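Structural description and commentary
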Amino acid sequence: MSLAKDGIMVVLSSPSGAGKTTLVKKISLEKNFKISVSHTTRKPRTNEIDGKDYFFVNEEQFKDLINKKEFLEYAQVFENYYGSSKIRVIENLKKGKNVIFDIDWQGTEQIKKYNLGFKLITFFILPPSKDELFNRLRNRDMKDKNIVHKRMKQFNEDINHWKNYDFVVINDNLETCYNEIVKFIDVKTNNLEHTYNKKKIEDHIIKLRN
Ligand code: ADP
Ligand code: 5GP
């Protein structure tokens, strides 16, 4: 049972390149959420900073953390391991800080099952189209065409998980998408009445699959 003073947990998942990292950073900055900085065995991108974007570790270090039960959840995504540190998350929540996660569907399922006892709101982010997703991945991962190709290939599998999230939002215009997420966080946190256009999402998923 969560206490009124406890923070809440918000999870953002999406197919790679849809924009969840961008949205997580914006929510953290503008709404004062603590980002759960994950550990990963992936190599840093040129603009990424150790301890800020991820804790970059090797496979041996990651397995050691698994054995010490340091993770709230962890998963293999593409060829690398990713995991969320349990102690940091709980410390923040108990201090009344809201925590936001940028994790995949496997991690989200684990957090739901773990049932930490804090309020949890989950979002699945969709791109406006496959072409736009390709453009975003290409711009971000310019140096490695192979990565773009692999992540596009994974897209059809990734979008199947949208049904297991509280809300699905389309990240076309960043500001609009951000406002929508913030609105849903508010209604869920304060148990307010809200409408949610599920049919629009179902139609969009059909469009993305074609
Ligand atoms: P993810 O974390 O889902 O893999 P990112 O947040 O890294 O995706 O976004 C992928 C790329 O798309 C980044 O270069 C980011 O700046 C860009 N991007 C994110 N949201 C939008 C948007 N609404 N419109 C245009 N570009 C975006
Ligand atoms: P990227 O390599 O693009 O930073 O992340 C690849 C995928 O791993 C994304 O779907 C991202 O959400 C996911 N991811 C990042 N950190 C974690 C984590 O701690 N746990 C899990 N399960 N997935 C993560």
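What you see as residue numbers is a count from 1 along each chain, following the sequence as written. Written order decides the labels, with chains lettered from A and ligands numbered from 1. The predicted nature of this model means local features are confined to residues of pLDDT at least 70 and side-chain atom pairs, given and counted, to a pLDDT of 80 or more, with totals for whole chains, interfaces and linings taken over all residues. As a rule here, side-chain values come from all non-hydrogen atoms in the structure, and water together with hydrogens is ignored.

Digging into the packing of helix H5 (residues 130-140) against helix H6 (residues 145-158)
Lines are fitted to the C-alpha atoms to define the axes, a helix being fitted only along its stretch in contact, and any angle between axes, read from their N-to-C directions, falls within 0 to 180 degrees. Segments assigned H or I by DSSP are reported as helices when at least four residues long, segments assigned E as strands when at least two residues long, and all are numbered from the N terminus. The N-to-C vectors of H5 and H6 enclose an angle of 150°; their axes lie 10 Å apart at closest approach. Compared by their axis directions, H5 and H6 come out roughly antiparallel. Handedness of the crossing formed by H5 with H6: right-handed. In this structure, H5 contributes Lys-130, Leu-133, Phe-134, Leu-137, Arg-138 and Arg-140 to the contact, and H6 contributes Val-148, Arg-151, Met-152, Phe-155 and Asn-156. Gly falls in the polar group here, along with every residue not listed as nonpolar (Ala, Val, Leu, Ile, Met, Phe, Trp, Tyr, Cys, Pro) or charged (Asp, Glu, Lys, Arg). Per-class residue counts for the contact of H5 with H6 are six nonpolar, one polar and four charged. Just so you know how the angles are binned, under 35 degrees is roughly parallel, over 145 roughly antiparallel, 65 to 115 roughly perpendicular, and the rest oblique. Crossing chirality is assigned from the near helix's rotation relative to the far helix, an anticlockwise turn below a right angle marking it left-handed and a clockwise turn marking it right-handed. Any two residues having at least one pair of non-hydrogen atoms within 4.5 Å are treated as being in contact.

A closer look at the site of ligand 2
It suffices for a single heavy atom of a residue to lie within 4 Å of a molecule or strand for the residue to be listed as near it. Taken together, 16 residues sit near ligand 2, with Ser-38, Arg-42, Tyr-54, Glu-73 and Tyr-82 positioned nearest. Here Arg-42 contributes a side-chain N or O atom positioned 2.6 Å from an oxygen atom of ligand 2. In this structure, Gly-83 approaches ligand 2 through a main-chain N or O atom, which is 3.3 Å from an oxygen atom. Reported accessibility uses the Shrake-Rupley method at a 1.4 Å probe radius. Residues are deemed covered only where the shown protein chains occlude them. Relative to its unbound accessible area of 510 Å², ligand 2 is 97% covered by the protein chains. Polar contact is defined as a pair of N or O atoms within 3.5 Å, subject to the rule that within protein one atom must be able to donate a hydrogen and the other to accept it, and that residues adjacent in sequence are counted only when both atoms are side-chain atoms.

A short note on helix H8 (residues 198-209)
In this analysis, the expected span of each helix is defined as 1.5 Å times one less than the number of residues it contains. The end-to-end C-alpha distance of H8, which contains twelve residues, comes to 17 Å, matching closely the 16 Å that a straight helix rising 1.5 Å per residue would cover. We call a residue buried when its accessible area falls under 20% of the maximum for its residue type, exposed when it is over 50%, and partly exposed in between, using a 1.4 Å probe and counting protein chains only. Taken as a whole, H8 has its buried residues at Ile-201, His-204, Ile-205 and Leu-208. In a view along the axis of H8, the buried residues occupy a sector of 105°, so they form one face of it. The exposed residues of H8 that point more than 90 degrees off its buried face are Lys-199 and Ile-206. Lining the buried residues of H8 we find strand E8 (120-126), H5, H6 and strand E9 (167-170). What the arc measures is the spread of directions leading from the helix axis to the C-beta atoms.

A short note on the sheet that holds E8
Pairing between two strands is assigned when DSSP locates at least 2 bridges connecting them. Overall, parallel pairing links the five strands, which are arranged E2-E7-E1-E8-E9 in an open sheet. Two strands close off the open sheet at either side, each with one partner strand: strand E2 (34-35) and E9. In this structure, strand E1 (residues 9-13) lies alongside strand E7 (residues 99-102), joined through four bridges in parallel fashion. Bridging from a neighbouring strand, Val-11 pairs with Phe-101 of E7. Its contacts with the sheet place helix H3 (residues 86-94) against E1, E2 and E7, and it is angled at close to 150° to E7.

Digging into the site of ligand 1
Around ligand 1 sit 15 residues in total, of which Gly-17, Thr-21, Thr-22, Arg-140 and Asn-171 are the nearest. Within the side chain of Thr-22, one N or O atom sits 2.6 Å away from an oxygen atom of ligand 1. Backbone polar atom of Leu-174 to a nitrogen atom of ligand 1: 3.4 Å apart, as the coordinates give it. Coverage of ligand 1 by the protein chains reaches 75% of its 560 Å² of free accessible surface. Taken together, the elements giving at least two residues each to the shell around ligand 1 come down to helix H1 (20-31) and H5.

Some points on the packing of aromatic side chains
A pair of aromatic rings is counted whenever rings of Phe, Tyr or Trp (Trp by its six-membered ring) have centres within 6.5 Å, and the orientation is called stacked for planes under 30 degrees apart, edge-to-face for over 60 and tilted otherwise. On inspection of all chains with the given rule, the structure shows eleven aromatic pairs. Relative to Phe-184, the ring of Phe-167 has its centre 4.1 Å away and its plane inclined at 10°; by these criteria the two rings are stacked. Pair noted here: Phe-167 is in strand E9 and Phe-184 is in helix H7 (residues 174-189), with a separation of 17 residues, a long-range link. Per residue, the accessibility class of Phe-167 equals that of Phe-184, and both read buried. The structure contains a cluster of three or more aromatic residues connected by ring pairs, namely Phe-62, Phe-71, Tyr-74 and Tyr-81. By definition here, charges over rings are those cases where NZ of Lys or CZ of Arg is within 6 Å of the ring centre and within 35 degrees of the ring normal. The side chain of Lys-183 reaches across the aromatic face of Phe-184, ending 4.7 Å from its centre.

Digging into unusual backbone geometry
Notably, Lys-69 is not glycine yet its phi reads approximately 55°, a positive angle. Relative to the helices and strands, Lys-69 resides in the loop between helix H2 (59-67) and strand E5 (71-77). A positive phi angle, near 50°, is found at Phe-78, a position not held by glycine. Looking at where Phe-78 falls in the secondary structure, it is placed in the loop between E5 and strand E6 (80-85). For Phe-78, a relative accessible area of 26% translates into the label partly exposed.

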